[in-house]
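As a plain string of letters, each chain reads:
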There are 6 protein chains.
Amino acid sequence: MIFQHENSFDVKDKIAQSLVAILPIGAVEAHGPHLPLGTDNLLAERLSERVAAQTGAFVLPTLPYGQVWSLKNFPGSITITNESLISFIYDIGVSLYEQGFRVFAMINGHLGNAVAMKEAARKLFAEFPDFKLLYLFYPGVKQVTEEVREAKSAHSSYFHACEIETSYMLYLAEDYVDMARALPEDPQIPMSADVTPTPWETFTSTAVLGDATLATREKGERIIEVAIENMIKLIEGAKDAFKATE
Amino acid sequence: MIFQHENSFDVKDKIAQSLVAILPIGAVEAHGPHLPLGTDNLLAERLSERVAAQTGAFVLPTLPYGQVWSLKNFPGSITITNESLISFIYDIGVSLYEQGFRVFAMINGHLGNAVAMKEAARKLFAEFPDFKLLYLFYPGVKQVTEEVREAKSAHSSYFHACEIETSYMLYLAEDYVDMARALPEDPQIPMSADVTPTPWETFTSTAVLGDATLATREKGERIIEVAIENMIKLIEGAKDAFKATE
Amino acid sequence: MIFQHENSFDVKDKIAQSLVAILPIGAVEAHGPHLPLGTDNLLAERLSERVAAQTGAFVLPTLPYGQVWSLKNFPGSITITNESLISFIYDIGVSLYEQGFRVFAMINGHLGNAVAMKEAARKLFAEFPDFKLLYLFYPGVKQVTEEVREAKSAHSSYFHACEIETSYMLYLAEDYVDMARALPEDPQIPMSADVTPTPWETFTSTAVLGDATLATREKGERIIEVAIENMIKLIEGAKDAFKATE
Amino acid sequence: MIFQHENSFDVKDKIAQSLVAILPIGAVEAHGPHLPLGTDNLLAERLSERVAAQTGAFVLPTLPYGQVWSLKNFPGSITITNESLISFIYDIGVSLYEQGFRVFAMINGHLGNAVAMKEAARKLFAEFPDFKLLYLFYPGVKQVTEEVREAKSAHSSYFHACEIETSYMLYLAEDYVDMARALPEDPQIPMSADVTPTPWETFTSTAVLGDATLATREKGERIIEVAIENMIKLIEGAKDAFKATE
Amino acid sequence: MIFQHENSFDVKDKIAQSLVAILPIGAVEAHGPHLPLGTDNLLAERLSERVAAQTGAFVLPTLPYGQVWSLKNFPGSITITNESLISFIYDIGVSLYEQGFRVFAMINGHLGNAVAMKEAARKLFAEFPDFKLLYLFYPGVKQVTEEVREAKSAHSSYFHACEIETSYMLYLAEDYVDMARALPEDPQIPMSADVTPTPWETFTSTAVLGDATLATREKGERIIEVAIENMIKLIEGAKDAFKATE
Amino acid sequence: MIFQHENSFDVKDKIAQSLVAILPIGAVEAHGPHLPLGTDNLLAERLSERVAAQTGAFVLPTLPYGQVWSLKNFPGSITITNESLISFIYDIGVSLYEQGFRVFAMINGHLGNAVAMKEAARKLFAEFPDFKLLYLFYPGVKQVTEEVREAKSAHSSYFHACEIETSYMLYLAEDYVDMARALPEDPQIPMSADVTPTPWETFTSTAVLGDATLATREKGERIIEVAIENMIKLIEGAKDAFKATE
């Protein structure tokens, strides 16, 4: 159900049947020497395909640029302001609603997009109260991640190019990982990083926030499968909620 | 040279060497029964890959949403406002410049994006006077198109899902074309369509602006090769112009 | 029917009768040594008066500032950003609609305004679906221009202070033309000018894009009369279209 | 010194000599049965010409649309939002500065423009600290007006289509006044009109705020000559102030 | 009736009963050596409490930052742009309306806020036609002020840290006044200050626009009581006007 | 060190000495029957005073309105959009920097403000790279909160009007708490609340997210003292960091 492979004559009925559009959204961002700049796009796409396959959703073309403030000074990063990103997602949402979609699930591969996605969703919700909007970033994986991880987390709310994210890639997009170059980093993120604008070059030169050498496909699988299961439940729940209000 | 497949450690030197970033930009838009909604994205991507291969440019991830005002009421179309699109492209451009690129070539598959691309380019040029900005939509193909086409053009400045665009697809992305469903349309576009807001449903129910059954791979090849040659020349010229000012 | 010469007590009924407002829109812009900075304003005004006389339309005060990006570095040019121009025209349109006008015809003397006019028209159309909006720049004169011109056109889509525009002025505003200073230019506009931000000082020092010495009143008359005839048809068509929907 | 009648070849030196640009700014607005909708434009233009003649300033084309909130519901009024008006004036100012002008005098015929003019002036002043910006609305006429008027003023800070403004018109643009239709109004403007949004239809049906039958050319002359004298002094003072800082 | 001391369970009925919300709005701004930076906030708050006590209105928390362009270069001043201030007040107003308030009275202690308050009020009025909006700055005190003052006013429309404002403070917030440091200033404000951007440091080094040593509690009382009486009348009038339209 | 009680003559030197401005920022928001609408303002103010006393910082007037999206439909709530809040805080920051402050610490009492505070801080950081910006919301209290609390937390990242927040109020602003009306709530917040726009009325009718009857002054003291200690450290660290770069 790749949306852009559909044609205009057939798609109308299919939308009415499916109701659900999934937007993979990622970023072009430094991920150390062993992961590509497009890591977050690859993850968002692969997750979206998996989720769509089980929910009858359409997968939209990936929005491959995101808000990359923290790493924007690293080679290869491209950053979009929150304002631009909010407007762009909002516009996509308006069209989706007008085309007949009633669930708009954004599957995110890059935490920096979270603010814009939530804000765009709120604007769309104010405009179209019966539009179900989901902003999804590996929902409900906290516990399984704690079980799976060997190294301590570098930060309580984000992770980057580390044991965890590298494991995701090994499970979902192994071809793009060069484990030979994985680094065993252990950055010390100061408490102040949570309360003051802090470009990441102040505490890491590699952008790898953990011991990437500990990554395995199996670790990725365990966490990702939980995330996918949760996303499916949330989308099915949203679809049911919409149908209940019809 | 797929930019998002590069890694942050190696990419800095490569950018300094290449200097050129290509952004494929298209749209999700109705293209009749025989072409997919993502036709403009597919064309922009394939053209970009071809041009990059001969210019040493990096191909950025495709920006797959565009300004689709005229066809927004057709099934499957997604439209972005000019304001949002300008801001988004501008932000990408700022990052590209800061990353070391000095030529930013947007290869466009959808005419509706032309205004936003030009406006974004002008804003970037005002900010970074030595940044070479190209907005490219099949440059310099007017003459060869006239030679190649069998049916009369439906409009003097645009074409859509017709003999021409279908031929492009047959040459660049044949797998996505279903010639069995190609329609021999001959819409009459009133003069007023050029001077008043005119959603296309007022003159076509199919979005096919011509006789798509006349499309052939060979026609596509003849035109596309001219376009590619011109894009290469323009990019090489821009690169030379930048180097001359260093 | 000069709108600003009307008074508030009588105008309401007249608007209900006329339905049509014409906004002349031009620019203050370099036009070489033989034409004044206000050339585009003069042309827009004279055209508007002629068209109004035959359509029963009101002529609004001229909006005498426009988007003059390409020539903004030439002495005397004044440029308005697209954003400002769009907002300003949009506001005028809202008032016109609320005052009872149902056809808003912008008669343009300066190609640089085209983007803003079209964008403003689309915003107004989205707000007031039964508002007929026309953005007119010498409509339908392509063929007669080719017949009339002696010198080759410097560019396929624009002309400036040349044989053609000078002829327009000789026909519509002869007093403001100093043919003794007309220049026989033949600028070479590079292909790149269509695809990259290109201030015109890069290819002309005079802003005259052609052989102005070839201009005659008669040439102007032949083209202008076609333009006027087409504008009248378009306005009458719009008026009829509105009445049909009442 | 009509700016738009100049040509691009000669104007550069003249600007360097003159330094001063005058922008007449008015409105299209209901002014009762005896004055035209364009009253404020006519006044601004005539004043500007007079002032320019004595200061060596250039008169720019009139900006004929203004902020007409209070009277926007009267037949014939056209209103521009403050945001649009600020941006538009700001853009004009930027071009004037870049063209070499160092004094930008806005001569206003419509009080409703005051907020936008002041705000635009402040933005330009922040951008170009040596740019002298004047927003002029009959400066320094308070005393002479008190001496001249026969009827009591309807409001302490504004006047409209009344004894005073009609006298201005009789002096500056007599041909556009129809004294036979002048009304002897005496509207009671409630105190609340100064402290709450108050469309004028709540206290007048004619838009005439006073006894227009008392207007005479002589009254107009006495006040207008004071205003002109003050405007000349202010412009000369600004020119001197600029020269002193060079 | 301090709004923020109410609780959510009881407040709904009280709002329905009161209908009136008062927003004290001031500024942080230089007021010479004898008055504090928060003078305008203190005055707005004290006035609001007095007015609320007699109208059954709720006093909202003070908005303590305002537009302080003229004095922004003096030590201690904090300035908010008009754009930001308008948006902020507008947002407050939207919530007040949705909470059930039908009269929104802004009691202002700082003249610089007047433009933003009026603009925000107009936007709210356009959105909610039955919302009564008041922007109040010592209404109706002109005559009593003339009677009370001993020194001549430095300017016809504003006063600052002088005999008058210091008297206000002596009456309403005496503890914050240090009369021992009051200065007997007599600044000469040039006519140009009304027509060109004029930071006040160009005509005063103290920000005291008059003879503050002449201030007395009694003078303050006489003027303030008139202002309070007028504000009460205006609020009661607005309440009655709303009830009449229900 | 109450900033608005200072006067303009003395404050300049004091700013140079102090370098640190603290902005208390809260909200007007439903907090159940036992806590006032201004709870977050009271907390922010009291915390700010405590922190200022030990750091030599100035306390600015409280910004008493915040982003209250989730509870905006509860009686008494007032909400500001993120856009307005970002602009307002940004403007304050610009003035603070220009006044000589080099550390701008926002002490927040309302989690909903977090996005706007961070965004404003980033904009200020981009503009003034040596400006130290802190957005503080009970930093570093996670562990002590877990030790102190008796009831399970209703949500992993926010708390509201519950055991915890009520304890804060008992410690910092006891007079405003009515423990007799404290409710022992135990709302079930669905997983979907984190991933879809979810007004809180969908899962609570009281806005109390926990057992408020368990609140004690002692619990509040234990957590608040940790927060204060951390805020002092962060501010001292920022001051030192600034001095190191001078």
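Predicted model only: the values in this text are computed from it and were never measured.

### Thoughts on the relation of the copies chain C and chain D
Thinking step 1. It takes a turn of 180° to lay chain C on chain D, together with a shift of 0.0 Å along the axis; the resulting RMSD is 0.0 Å. The operation mapping one copy onto its partner corresponds to a two-fold rotation axis. Considering only C-alpha atoms, the part of chain C nearest the rotation axis is S84(C), at 3.1 Å.

### Observations concerning the interface of chain C and chain D
Thinking step 1. Opposite the 49 residues of chain C that make contact, chain D presents 49 residues.
Thinking step 2. Buried surface at the junction of chain C and chain D, summed over both partners, amounts to about 4,000 Å²; 62% is from carbon and sulfur atoms.
Thinking step 3. Of all residues in chain C, the largest losses of buried area upon contact with chain D belong to F9(C), Y65(C) and F88(C), amounting jointly to 16% of the total for that side.
Thinking step 4. Where chain C touches chain D, the interface holds two salt bridges.
Thinking step 5. D10(C) is the salt-bridge partner of R181(D), the closest N and O atoms lying 2.8 Å from each other.
Thinking step 6. At the junction of chain C with chain D, the criterion picks out 30 residue pairs in polar contact (both at pLDDT 80 or more).
Thinking step 7. The set of elements that each furnish at least two residues to the side of chain C that touches chain D consists of α1 (8-18) and α3 (82-99) of chain C.

### Details of the interface of chain F and chain A
Thinking step 1. Every contact between the two is made by 26 residues of chain F and, on the other side, 26 residues of chain A.
Thinking step 2. Contact between chain F and chain A buries roughly 2,200 Å² in total, counting both sides, with carbon and sulfur atoms accounting for 60%.
Thinking step 3. Put simply, chain F and chain A have two salt bridges between them.
Thinking step 4. With a closest N to O distance of 2.6 Å, K123(F) and E83(A) form a salt bridge.
Thinking step 5. Connecting chain F to chain A are ten residue pairs in polar contact (both at pLDDT 80 or more).
Thinking step 6. Of all elements in the fold, only α3 (82-99), α4 (114-127), β4 (132-136) and α7 (217-245) of chain F reach the threshold of two or more residues within the side of chain F that touches chain A.
Thinking step 7. Per element, the largest residue contribution to the side of chain F that touches chain A is six residues, and it comes from α4(F).

### Some points on the arrangement of the chains
Thinking step 1. What separates chain B from chain D at the closest point of their C-alpha atoms is a distance of 14 Å, and the two make no contact.
Thinking step 2. These two, chain C and chain F, are apart from each other, with no contact and a minimum C-alpha gap of 20 Å.

### Some words on the confidence of the model for chain A
Thinking step 1. Taken residue by residue, chain A gives an average pLDDT of 97. The fraction at 70 or more is 100%.
Thinking step 2. As a predicted assembly, this complex carries a pTM of 0.98 together with an ipTM value of 0.98.

### So, helix α1 (residues 8-18) of chain B
Residue and element names in this part refer to chain B.
Thinking step 1. Those residues of α1 that fall on the buried side of the exposure criterion are S8, V11, I15 and S18. For α1, the angular spread of the buried residues around the axis is 75°, confining them to a single face. Along α1, the residues that are exposed and aim more than 90 degrees away from the buried face are K12, D13, A16 and Q17.
Thinking step 2. The secondary structure elements touched by the buried residues of α1 are β1 (20-25), β2 (58-59), α3 (82-99) and α7 (217-245).

### Things to note about the pattern of salt bridges
Thinking step 1. Considering all chains together, one arrives at 66 salt bridges over all chains under this definition.
Thinking step 2. Through salt bridges with shared partners, a single ionic network connects E150(A), E163(A) and K219(A).

### Examining the sheet that holds strand β3 (residues 103-108) of chain C
All names here are of chain C.
Thinking step 1. The strand order across the open sheet built from four strands is β2-β1-β3-β4, with neighbouring strands paired in parallel fashion. The open sheet has two edge strands with one neighbour each: β2 (58-59) and β4 (132-136).
Thinking step 2. Judged from the five bridges that link them, β3 and β4 form a sheet pairing that is parallel. Bridge pairing links A105 to L134 in β4.

### Considering the packing of aromatic side chains
For any pair of aromatic rings, the description consists of the separation of the ring centres together with the inter-plane angle of the planes.
Thinking step 1. In the structure shown here, the tally under the stated rule is 99 aromatic pairs over all chains.
Thinking step 2. A ring pair is formed by Y138(A) and Y168(A), whose centres lie 4.6 Å apart and whose planes are at 35°; its orientation type is tilted. Of the two residues, Y138(A) sits in the loop between β4 (132-136) and α5 (142-148) while Y168(A) sits in helix α6 (residues 163-172), which places them 30 residues apart along the sequence. For the pair Y138(A) and Y168(A), a shared accessibility class is recorded, and that class is buried.
Thinking step 3. A ring pair is formed by W200(B) and F203(B), whose centres lie 5.9 Å apart and whose planes are at 40°; its orientation type is tilted.
Thinking step 4. Grouped by ring-pair contacts, the aromatic residues Y65(A), F88(A), Y65(B) and F88(B) constitute a single cluster.

### Things to note about the relation of the copies chain F and chain A
Thinking step 1. Its rotation angle being 180°, the transformation that places chain F on chain A also includes 0.0 Å of axial translation and leaves an RMSD of 0.0 Å.
Thinking step 2. Both copies contact each other with a shared surface, as 100% of the interface residues of chain F are interface residues in chain A too.

### A closer look at the sheet that holds strand β3 (residues 103-108) of chain E
Neighbouring strands of a sheet are bound in pairs by backbone hydrogen bonds; such pairs are parallel or else antiparallel.
All names here are of chain E.
Thinking step 1. One open sheet accounts for four strands, arranged β2-β1-β3-β4; its pairing is parallel. This sheet does not close on itself; its edge strands, each paired only once, are β2 (58-59) and β4 (132-136).
Thinking step 2. Direction of pairing for strand β1 (residues 20-25) relative to β3: parallel, over a ladder of six bridges. Bridge pairing in β3 links A21 to F104.

### Regarding the environment of F58(E)
All names here are of chain E.
Thinking step 1. Position of F58 relative to the elements: it lies in strand β2.
Thinking step 2. Residue class for F58 comes out buried when judged on its relative accessible area of 0%.
Thinking step 3. The spacing of F58 and S18 is 40 residues in sequence and 7.4 Å in space, taken between C-alpha atoms.
Thinking step 4. Once residues within four sequence positions are removed from consideration, F58 is found in contact with M1, I2, F3, E6, V11, K14, I15, S18, V20, A21, I22 and F101.

### Brief notes about unusual backbone geometry
Thinking step 1. The backbone of A207(C) shows a phi angle near 75°, a positive value even though the residue is not glycine.
Thinking step 2. Inspection of the secondary structure assignment puts A207(C) in the loop between α6 (163-172) and α7 (217-245).

### As for the side chain of Q4(A)
Thinking step 1. Mapped onto the fold, Q4(A) is located in the segment before α1 (8-18).
Thinking step 2. Overall, Q4(A) belongs to the buried group, its relative accessible area being 14%.

### Some thoughts on the pairing of strand β3 (residues 103-108) of chain D
Thinking step 1. For β3(D), the buried fraction is high: six of the six residues fall into the buried class.
Thinking step 2. Burial of the side chains of β3(D) extends over both faces: V103(D), A105(D) and I107(D) are buried on one face and F104(D), M106(D) and N108(D) on the other.

Reading guide: rules and limits
Residues numbered from 1 in each chain as written. Chains lettered and ligands numbered in written order. Predicted model: local features only at pLDDT ≥ 70, side-chain atom pairs only at ≥ 80, totals over all residues. Heavy atoms only, no water. Least-squares fit on C-alpha atoms with pLDDT ≥ 70 in both. Contact = heavy atoms within 4.5 Å. Buried area = accessible area lost by both parts, 1.4 Å probe. Salt bridge = Lys/Arg side-chain N within 4 Å of Asp/Glu carboxyl O. Polar contact = N/O pair within 3.5 Å; in protein donor to acceptor, adjacent residues only side chain to side chain. Helix = DSSP H or I, 4+ residues; strand = E, 2+ residues; numbered from the N terminus. pLDDT = per-residue confidence, 0-100. Buried < 20%, exposed > 50% of the residue type's maximum accessible area, 1.4 Å probe, protein only. Arc of directions from axis to C-beta. Pairing = 2+ DSSP bridges. Phe/Tyr/Trp six-rings, centres within 6.5 Å; stacked < 30°, edge-to-face > 60°.

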